[in-house]
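Coordinates in review
Chain by chain, the residues run as shown.
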Amino acid sequence: DLGYKGEIGYQTFLYSNEPEIRSLLMFLRAIAAKIKAQLALPWLPPNCRLPLLCKTQSAGPSLSFRAQPLSLPYSTKSTGKTVPKEVGDYQRDVLLPVTAQLSHQGAVAASLLEQHTAELSAAQEWDSEWNSQGLLSRLTPEEYRSRKLARLHKRIEEQLRSATSDPSQGTPGGVPTSSSDLGQLLSSFQGSAPGDHLLPQGTHFTHTQKFTFTQMAAAVASSMLRGGQSEGEVQASQQEELASLEEQLQQVALHIDQLTGHMKQMNLTVAQVTNELKDRELANQEKEDSMLVKKQTVNLLPDAENNLAKLQMLVEASAKRVVSLASQWEKHRAPLIDEHRRLKELCTRQDMESSRQLSEIKELHEKIRESAEKAKKKEALYKQLISELENLPKDVSRSAYTLRILEIVGNIKKQKEEITKILSDTKELQKEINNLTGKLDRTFAVTDELVFKDAKKDESVRKSYKYLAALHENCNQLIQTIEDTGTILREIRDLEEQIETENGNKTVANLERILEDYKAVREENFALASKVREG
């Protein structure tokens with residue numbers, strides 16, 4: 001199912017050979033590369049997937065991507081800003097969880113994705129703006145934001161002032177009475193663009209924002225035109241307009257949903273009809289081919305005998321041609337197979353050579369790393385020795401150090417001579433012991449053989465043989481006891497040296513001081529615990 005062309009089973013691993021294992025590993029490597037490429041693709045919702053992603057990513061239970069606005073508490077630890085007390089109380093006591101803010105649970109994932117995408121795009125836009133313009137201003141991010149906000153407020157103020165400065169088109173108070181000035185003001189904020197009758201590109205969120213802003217502008221214009229009406233009448237008219245607009249919006253949304261469903265049904269119908277058309281075209285082609293064969297057969301019926309003879313000749317000629325082609329193919333096939341085997345062996349050797357070179361490269365990298373670590377350690381030791389050299393007193397002459405070094409070298413030579421003499425004496429003594437042991441063993445073997453021959457004939461000689469064996473065993477035990485005694489004496493001397501070293505390190509005094517500190521800490525903890533219980 002995965003596309004492996006060879007045979008695989010338990011015998012592949014139990015009775016494996018090098019070519020099969022290599023081909024299996026190469027196939028697994030290709031599969032791993034495909035899986036890695038699939039994992040590298042980002043996850044997308046089902047509605048946004050291309051046909052390739054629909055094959056590689058499981059659709060699962062599909063839900064409509066309907067996002068709703070969320071209110072999330074944000075942490076201010078990274079920015080260093082303090083949250084007002086009222087905001088903190090609202091976020092802690094009043095603000096609902098994310099799952100409770102939505103009308104249905106199916107919109108949780110979509111709303112979170114929409115929220116995080118908006119935040120991510122805002123952060124990316126801010127980064128690009130800061131890298132392109134903010135860094136050139138040589139200001140901090142907070143100063144740049146405040147400066148940008150001040151420029152925006154100044155621009156709004158200038159636009160409003162220029163829109164209300166003409167007294168010929170307004171009341172004595174300077175309020176504009178026509179909607180043209182307000183439309184120009186709104187167009188100046190929105191930015192003029194040619195072809196206003198065309199639908200601008202953008203997301204659903206931007207379209208909703210522009211639609212709402214236009215409605216608000218129209219409502220402000222109508223309210224400014226009806227300056228003579230009372231505030232209650234204006235509010236009532238605004239409520240009526242808002243209700244009518246909401247009703248129209250619901251009708252439009254319902255109509256859009258209906259058209260969307262109808263369009264989906266039509267797309268399914270078109271796909272079904274296309275498939276049926278392809279199937280019928282294939283069936284018609286098969287029928288046309290069959291009809292053509294039958295037509296040719298019917299044309300051959302009037303002269304059947306001659307046509308059969310011709311067909312027989314054609315079949316024989318075709319058979320001979322097939323045989324000749326097969327022989328030619330065999331002639332070409334043999335060198336091709338040999339070449340294929342040769343190239344395969346060459347590839348195998350190249351793979352082995354590349355594997356060997358790769359292992360050598362890895363070993364070289366490991367040696368380089370070890371050499372670098374050794375160099376670092378030696379560099380640290382060198383720096384330490386340099387610092388110790390700098391900390392040494394400068395008033396001591398070089399001759400004193402030289403004399404001391406010469407004395408140490410002389411002592412070492414004397415100790416070395418003594419050690420060499422002791423080693424030579426030990427070797428001589430060991431050699432003598434070995435000679436005596438060998439002589440004793442040979443003497444015992446000869447005596448044992450002679451006494452054993454006479455022990456078969458005489459009872460007293462038999463007793464002598466027993467005493468001889470007992471004497472030999474006791475001598476061996478005595479020698480072993482002496483060796484064990486020497487070993488124990490050496491261990492005793494080593495232990496005495498260690499005891500002297502530990503006494504020089506004041507280990508006993510340090511242990512007594514640690515015990516005293518431990519007792520004092522326990523008493524202090526006991527006193528604190530009693531105070532806590534009393535309190």
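None of these values were measured; they are calculated from a predicted model.

What counts and how
- Residues numbered from 1 in each chain as written.
- Predicted model: local features only at pLDDT ≥ 70, side-chain atom pairs only at ≥ 80, totals over all residues.
- Heavy atoms only, no water.
- Helix = DSSP H or I, 4+ residues; strand = E, 2+ residues; numbered from the N terminus.
- Buried < 20%, exposed > 50% of the residue type's maximum accessible area, 1.4 Å probe, protein only.
- Areas by Shrake-Rupley, 256 points an atom, 1.4 Å probe, with all protein chains shown as cover.
- Phe/Tyr/Trp six-rings, centres within 6.5 Å; stacked < 30°, edge-to-face > 60°.
- Lys NZ or Arg CZ within 6 Å of the ring centre and 35° of its normal.
- Expected span 1.5 Å × (residues − 1).
- Patch = residues over 30% accessible without salt bridge, like charges linked within 9 Å, V, L, I, M, F, W, Y side chains within 5 Å.
- Salt bridge = Lys/Arg side-chain N within 4 Å of Asp/Glu carboxyl O.
- Lys, Arg positive; Asp, Glu negative; His and termini not counted.
- Charge placed at Lys NZ, Arg CZ, Asp CG, Glu CD.

Moving on, we get to the overall build of the protein chain. Secondary structure assignment for the protein chain yields 14 helices and zero strands. The order of α-helices and β-strands along the protein chain, N terminus first, is α-α-α-α-α-α-α-α-α-α-α-α-α-α. Here the protein chain holds 535 residues, and 8% of them are scored as buried. Counting every atom, the protein chain has about 46400 Å² of accessible surface; 60% of that belongs to carbon and sulfur.

Now for the packing of aromatic side chains. How two aromatic rings sit relative to each other is given by the distance of their centres and the angle of their planes. A full pass over the atoms with the stated rule returns three aromatic pairs. Their ring planes at 45° and their centres at 5.8 Å tell us that Trp 126 and Tyr 144 sit as a pair that is tilted. Placement of the pair is Trp 126 in helix H6 (residues 108-137) and Tyr 144 in helix H7 (residues 141-164), with a sequence separation of 18 residues. Each member of the aromatic cluster is reached from another via a ring pair, and the members are Trp 126, Trp 130 and Tyr 144. Just above the ring of Trp 126 sits the side chain of Arg 145; from NZ or CZ to the centre is 4.0 Å.

Before going further, it helps to examine helix H12 (residues 398-455). An ideal rise of 1.5 Å per residue puts 86 Å on 58 residues; H12 measures up with 83 Å between its terminal C-alpha atoms. Burial in H12 covers these residues: Gly 438, Asp 448, Val 451 and Ala 455.

A word on a nonpolar patch on the surface. Residues Leu 389, Leu 392, Tyr 401, Ile 405 and Val 409 make up a contiguous nonpolar surface patch of about 440 Å² in total accessible area. The residue Leu 392 is located in the loop between helix H11 (304-391) and H12 in this model. Taking relative accessible area as the criterion, Leu 392 reaches 42% and is therefore assigned partly exposed.

This paragraph deals with a negative patch on the surface. A surface patch of like charges, here negative, comprises Glu 491, Asp 494, Glu 496, Glu 497 and Glu 500. When you line up the elements, Glu 500 lands in helix H13 (residues 459-504). Given a relative accessible area of 59%, Glu 500 falls into the exposed group.

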